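# Chain and residue survey
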There are 2 protein chains.
Amino acid sequence: MVTAIKIQHLTQEGFAPFGEVISCDGHDFFHINNKHTERYHALADLKTNGNSKIGISIFRNIKKTLVPFSISMLERHPKGSQAFIPMQGQPFLIVVAPNLDEHKPDLSKIKAFITDGSQGVNYQIGTWHHPLLTLESPSNFAVVDRIGTEPNCDIYEFPTPIQLFL
Amino acid sequence: MVTAIKIQHLTQEGFAPFGEVISCDGHDFFHINNKHTERYHALADLKTNGNSKIGISIFRNIKKTLVPFSISMLERHPKGSQAFIPMQGQPFLIVVAPNLDEHKPDLSKIKAFITDGSQGVNYQIGTWHHPLLTLESPSNFAVVDRIGTEPNCDIYEFPTPIQLFL
């Protein structure tokens, strides 16, 4: 049983099974606005199903995380993708796991990442992840996700906590 | 004829005819994540039409604007809304105008705004606006707009330039 995991630097490659890193690094661009601007195009695959739409909200995190620390749950949104974009150049922590079966994450394959301040992420539909973990507070993120009324959050509580360390 | 306009501080009220300010100010929230996070919900009304979807890109502005300065055009996207979210807490400038008729902006009603660093904006579908104007460089913005292949940009060139001042 995994009881502790090391936090890795976030890369497109490491995060690929869970979604997309929203960042210029590793992406090509084309010029717009008379070459004053580089457009890094369509970095995240946004999805929603059911009676819903995609919208922009702000998550303002009011509790900061001190590393090392322990987590005891993951959640997933079965009806839509969810993207987090830092609004203050702030790094944040990401914890994700693949599916073990239809109902549970595979905690033997749980991973933790830290962003570099310029990166956002988009969780693919149904990806198990920990709620927002920030290293400073207050901390604002633009969140691009499903706007709908039906329930869209499953929670999995761990049998024993898992410690994250840098 | 308008030849110069003063740049105002951006507010929800002032910007309302053109779209939405993406900001916590003036919006209510509900708690999520065991009260660690405030969710300011569905702040922008994203729209797209035709054979397209909504996506997230990054605009990296590589030219900075020194105020006062002159502009000589506006553009609009007839097939989708377009949201700009600063990723580094950076202020930026916004220039918008209502329609005069089906083809032209009403330059007698042009307005310029400066954000406070915590604010993004969403331009409603078809809103005349100036391309991204940033006060620092390089400057990264997450852009949430239409991802499609058909032309989606009209440009209007001014008969004479308009100066913006603080």
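Residues numbered from 1 in each chain as written. Chains lettered and ligands numbered in written order. Predicted model: local features only at pLDDT ≥ 70, side-chain atom pairs only at ≥ 80, totals over all residues. Heavy atoms only, no water.

Here is the rule we go by: UniProt positions are given in the numbering used here, feature names are shortened, and annotations may be inferred rather than shown by experiment.
As recorded by an unreviewed UniProt entry, chain A carries the name Ureidoglycolate hydrolase and is attributed to Acinetobacter equi. Of the comments in the UniProt record for chain A, the one headed Catalytic activity (unreviewed entry) reads "(S)-ureidoglycolate = urea + glyoxylate". Reading the Subunit (unreviewed entry) entry of the UniProt record for chain A gives the comment "Homodimer."

## Some thoughts on the sheet that holds strand S2 (residues 19-22) of chain B
What counts is decided by this rule: The rule for pairing is simple: two strands pair if DSSP sees at least two bridges between them. A run of DSSP states H or I qualifies as a helix once it reaches four residues; a run of E qualifies as a strand once it reaches two. Both are numbered from the N-terminal end. Here an angle of 0 to 180 degrees is reported between the N-to-C directions of two axes, which are lines fitted to C-alpha atoms, with helices fitted over the stretch in contact.
Pairing is antiparallel across the open sheet formed by 7 strands, whose spatial order is S3(A)-S4(A)-S5(B)-S13(B)-S7(B)-S10(B)-S2(B). At either margin of the open sheet sits one strand with a lone partner, and together these are strand S3 (30-32) of chain A together with S2 of chain B. Within the sheet, the average angular offset between the axes of one strand and its neighbour, ignoring direction, is 30°. Summarising the sheet, strand S7 (residues 82-86) of chain B and strand S13 (residues 139-148) of chain B pair through 5 bridges and their orientation is antiparallel. Within S13 of chain B, the residue paired with Ile 85 of chain B across the bridge is Ala 142 of chain B.

## Focus on the environment of Lys 111 of chain A
Residue and element names in this part refer to chain A. What counts here: Relative accessibility thresholds used throughout: buried, under 20% of the residue-type maximum; exposed, over 50%; partly exposed, between the two (1.4 Å probe, protein chains only). Any two residues having at least one pair of non-hydrogen atoms within 4.5 Å are treated as being in contact.
Take Lys 111: it is sitting in strand S9 (residues 111-114). For Lys 111, a relative accessible area of 32% puts it in the partly exposed group. Counting along the chain gives 80 residues from Lys 111 to His 31, while the straight-line C-alpha distance between them is 36 Å. The residues contacting Lys 111, other than those within four sequence positions of it, are Ile 5, Gln 8, Phe 18, Ile 94, Val 95 and Val 96.

## Points about the packing of aromatic side chains
Residues and elements named next belong to chain A. Basically, it comes down to this: For Phe, Tyr and Trp, where Trp contributes only its six-membered ring, two rings pair if their centres lie within 6.5 Å, and the inter-plane angle classes them as stacked under 30 degrees, edge-to-face over 60, or tilted in between.
Enumeration over the complete set of coordinates arrives at 18 aromatic pairs over all chains. Seen in terms of ring centroids, Phe 15 and Phe 113 are 6.1 Å apart; in terms of plane orientation they differ by 80°. Their pairing is edge-to-face. Taken as a pair, Phe 15 in helix H1 (residues 12-15) and Phe 113 in strand S9 lie far apart in primary sequence, 98 residues in all. Residue classification places Phe 15 among the buried residues on the basis of a relative accessible area of 0%. In this structure Phe 113 comes out as buried when scored by relative accessible area, which is 1%.

## Some words on the sheet that holds strand S7 (residues 82-86) of chain A
Overall, antiparallel pairing links the 7 strands, which are arranged S2(A)-S10(A)-S7(A)-S13(A)-S5(A)-S4(B)-S3(B) in an open sheet. With partners counted over all chains shown, the strands left at the sheet margins are strand S2 (19-22) of chain A together with strand S3 (30-32) of chain B, one partner each. Shown here is a sheet whose adjacent strand axes are inclined to one another by a mean of 30°, direction ignored.

## Here we look at the relation of the copies chain B and chain A
Quick note on the threshold: Copy-to-copy superposition: least squares on the C-alpha atoms, limited to residues that have pLDDT of at least 70 in both copies.
Mapping chain B onto chain A calls for a rotation angle of 180° and an axial translation of 0.0 Å; the resulting RMSD is 0.0 Å. Such a combination of rotation and displacement between the chain copies is what one expects of a two-fold axis. Of all interface residues in chain B, 100% are interface residues in chain A too; the two copies therefore contact each other through one and the same surface.

## Digging into the pattern of salt bridges
Inclusion rule: We define a salt bridge as a side-chain nitrogen of Lys or Arg found within 4 Å of a carboxyl oxygen belonging to Asp or Glu.
Under the defined criterion, the tally for this structure stands at 16 salt bridges over all chains. Between Asp 45 of chain A and Lys 47 of chain A there is a salt bridge; the shortest N-O distance is 3.1 Å. Residue classification places Asp 45 of chain A among the partly exposed residues on the basis of a relative accessible area of 28%. Across the pair Asp 45 of chain B and Lys 53 of chain A runs a salt bridge, and its minimum N-O distance is 2.6 Å. Pair noted here: Asp 45 of chain B is in the loop between strand S4 (37-44) and strand S5 (52-61) and Lys 53 of chain A is in strand S5 (residues 52-61), and the two residues belong to different chains. Given the relative accessible area of 35%, Lys 53 of chain A is considered partly exposed. Here the residues in one salt-bridge network are Asp 45 and Lys 47 of chain A together with Lys 53 of chain B, joined through shared partners.

## What to know about the pairing of strand S1 (residues 4-9) of chain B
All names here are of chain B. Note that S1 and strand S14 (residues 154-165) share 3 bridges and pair parallel. Bridge pairing in S14 links Lys 6 to Phe 165. Relative to strand S9 (residues 111-114), S1 runs parallel, the two sharing 3 bridges. Within S9, the position partnered with His 9 by the bridge is Ile 114.

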